[in-house]
Amino acid sequence: MNIKQLLATCLTATALFTSCSDSPDGGTPEPIDTSSSLYSVWVTSASGSYLLTTNDLMKDTLLTPQGNKGIDITSHLPAAFYAIYAYNYDGKFYLSNDGTRLSQFEVQNGSQWKETNSYIFGSTFYIGKVLDNISTTDELVMTKTAGTTNKTKNVLEQPIYFMNTSTLKINKTLNIEIPMINYVPKQAGTQTNDDPYIVPTSFTVRGNQLFVGHKYRSNITKTDIIDTAYVYVCDYPALTNGKIIKTANGGFTAGHWEVNKTTFLDDNNDLYIMTRLVGTSKYGLVRIKAGESDFDKDYFFDLKDYNVFTNSASTIQKLGNGKAYIAPYVVDPANKKIIADLRILAGGGEPKTTMNFMENGKLYDVFKTDESKWFVFEYDPETNTMQRGAEIDSGVTWVYHVNKLK
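Below or above, wherever it landed, is the structure these notes cover. Keep in mind the model is a prediction, meaning the values are calculated, not measured.

Right, let's talk about the overall build of the chain for a bit. Of regular secondary structure, the chain possesses 2 helices and 32 strands. By residue count, 53% of the 406 residues in the chain fall in the buried class. Partitioning the intrachain contacts of the chain with sequence separation of at least 6 by distance along the chain shows that 51% fall at a separation of at least 24. Summed over its atoms, the accessible surface of the chain is roughly 17,100 Å², and 45% of this surface lies on carbon and sulfur atoms.

Structural data, given as structure tokens:
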């Protein structure tokens, strides 16, 4: 499907778009029902960072930090930098913003922000990827942003932590050793060796195997340098029989070490990995089929003509029934099709969040419209329609997370 066909299809679907009234209620917010479902939207403004809570994201209302209507979290999340090192799991927030301390926070009574536990690491720690497909209510499985280069072994030593969510103690640690390739280019125009380093971009456990996507960065320019997708594959949890697989389709494995996800498992257990060409915004998808441990040489979904990942920290969301959300598009990766452009279904604008979420088969994300208004939107993959929900105060400068807390 070309761009013109896509636009025509999406514009037709826009007729099904349902919106709330144009004038949200900017008066006194309704009291939070502490026995009901609770959602939060993390925003920043010129005055700080806030969590805006509501029992219903789709209510025709205005969510605002003005007049003490938001929970002030500025002292814990003072800037955009921390958006990529904060995660919401099972209704609790996990923050790492001072280099060693991981804190667990909860919203209590719908309006109070409380640190419920913390853990001090013995060395530098910022939360990296969360392996939520193997995490449980009792145990959070996560990495830190970057491991340690061991030049003697010529490997990146990368830990995965299994943390008790009640005590915030480490139940166990798995230490992965990712072999480094023999590649020491000269810095352009000089005789200086570059000495590139590995950055892990994804961690996926599928059955009894672990797949670690990674890329190479210049130690001098701190930019991506090799247009090859590398994945380390090994047995899980034994971490034995490791090997590096690679493909030149589409560039390096996209993403960085922060919490955003650039891979997903579909309903058939096929693993899809986002790729990106060095120095560009040209993306693609490669695949490792279920039961296989190498790239599918017959598969490449070229997305270079689409403006995907308008926010580089966005997370790929699995929608089910063969579909996935790669902001701002809904895609059918197995058949290499674009299903919808949610910017069009939302009436214009861009998705901006670091974290979105699924509930009852529907996607919830926040868009900033062409009129510079912020709204929560609900997307139904079954009907390919969107509904506009709560408006967010236009005075905010960014919206990072939209989460379900309970």
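All right, on to the nonpolar core then. If you look at the biggest cluster of nonpolar residues, it comprises 20 residues, and the most contacted ones within it are I160, I176, I178, L210 and V212. At the level of secondary structure, the elements contributing two or more residues to this core comprise β12 (155–164), β13 (170–179), β14 (197–206), β15 (209–217) and β16 (229–235). Residues contacting V212, with those up to four places away along its chain left out, are I176, I178, P200, S202, F203, Y230, V231 and Y232.

Turning to the side chain of Q317, a few remarks are in order. One can find Q317 in strand β23 (residues 317–320). With near-sequence residues (within four places) excluded, Q317 lies in contact with A324, Y325, N356, F357, M358 and L363.

You can see D224 is positioned in the loop between β15 and β16. Classification of D224 as buried rests on a relative accessible area of 17%. Looking at D224, its side chain comes within polar contact range of the side chain of K215, at 3.0 Å. A distance of 3.0 Å separates the side chain of D224 from the side chain of R217, its partner in a polar contact. When sequence neighbours within four positions are dropped, the list of residues in contact with D224 reads K215, Y216, R217, F252 and V278.

Take the pairing of strand β32 (residues 398–404) next. Counting buried positions along β32 yields 5 of 7 residues, so the element is predominantly enclosed. Two strands pair when backbone bridges link them, and strand β1 (residues 39–45) and β32 are joined in this way by 6 bridges, in the antiparallel orientation. Looking at the pairing, Y39 lines up with K404 of β32.

It is worth spelling out the pairing of β23 at this point. Bridging between β23 and strand β24 (residues 323–326) involves 3 bridges; their strand directions are antiparallel. Within the sheet, the bridge partner assigned to K318 lies in β24 and is A324. Hairpin remark: β23 followed by β24, antiparallel, with 2 residues in the connecting loop; positive phi at N321, about 55°.

Here we take up the packing of aromatic side chains. Considering all chains together, one arrives at 18 aromatic pairs under this definition. Consider the rings of F105 and W113, whose centres lie 4.5 Å apart with planes at 10°: the pair is stacked. A single burial state applies to F105 and to W113, both of which are buried. Aromatic side chains Y119 and F121 sit 4.8 Å apart centroid to centroid with 80° between the ring planes, which places their arrangement in the edge-to-face category. Owing to a relative accessible area of 22%, Y119 belongs among the partly exposed residues under this scheme. Every member of this aromatic cluster is reached through a ring pair, and the members are W42, W374, W398 and Y400. The ring of F375 carries the charged tip of R388 above its face, separated from the ring centre by 4.1 Å.

Strand order in the open sheet formed by 4 strands is β23-β24-β25-β26, and the pairing between neighbours is antiparallel. Both edges of this open sheet fall to β23 and β26 (337–341), since each of them pairs with a single strand only. Strand after strand, the sheet turns through a mean of 30° between neighbouring axes, direction not considered. Pairing between strand β25 (residues 329–332) and β26: 4 bridges, direction antiparallel. Paired with V330 across the bridge in β26 is A340.

Positionally, F162 belongs in strand β12. Taking the relative accessible area as the measure of exposure, F162 reaches 3% and is therefore buried. F162 sits 22 residues away from L140 along the chain, and the two C-alpha atoms are 5.8 Å apart. Setting aside its immediate chain neighbours within four residues, F162 contacts E139, L140, V141, K169, I170, N171, K172, L174 and Y236.

Let us now look at the pattern of salt bridges. As enumerated under the stated definition, the model contains 14 salt bridges in all. For K261, the salt bridge is made with D132, and the minimal N-O distance between the two is 3.3 Å. Here K261 is found in the loop between β18 (252–253) and β19 (263–265), whereas its partner D132 is found in the loop between β9 (127–130) and β10 (139–144), with 129 residues between them in sequence. Residue K261 is classed as buried on the basis of its relative accessible area, which comes to 18%. As a salt-bridge pair, D302 and K304 come within 2.9 Å of each other at their nearest N and O atoms. Taking relative accessible area as the criterion, D302 reaches 34% and is therefore assigned partly exposed. Its relative accessible area of 41% is what places K304 among the partly exposed residues. A single salt-bridge network, built from bridges that share partners, covers K215, R217 and D224.

About the cut-offs
Residues numbered from 1 in each chain as written. Predicted model: local features only at pLDDT ≥ 70, side-chain atom pairs only at ≥ 80, totals over all residues. Heavy atoms only, no water. Helix = DSSP H or I, 4+ residues; strand = E, 2+ residues; numbered from the N terminus. Buried < 20%, exposed > 50% of the residue type's maximum accessible area, 1.4 Å probe, protein only. Contact = heavy atoms within 4.5 Å. Areas by Shrake-Rupley, 256 points an atom, 1.4 Å probe, with all protein chains shown as cover. Core = buried A, V, L, I, M, F, W, Y, C linked by side-chain atoms within 4.5 Å. Polar contact = N/O pair within 3.5 Å; in protein donor to acceptor, adjacent residues only side chain to side chain. Pairing = 2+ DSSP bridges. Phe/Tyr/Trp six-rings, centres within 6.5 Å; stacked < 30°, edge-to-face > 60°. Lys NZ or Arg CZ within 6 Å of the ring centre and 35° of its normal. Axes fitted to C-alpha atoms, helices over the stretch in contact; angles between N-to-C directions. Salt bridge = Lys/Arg side-chain N within 4 Å of Asp/Glu carboxyl O.

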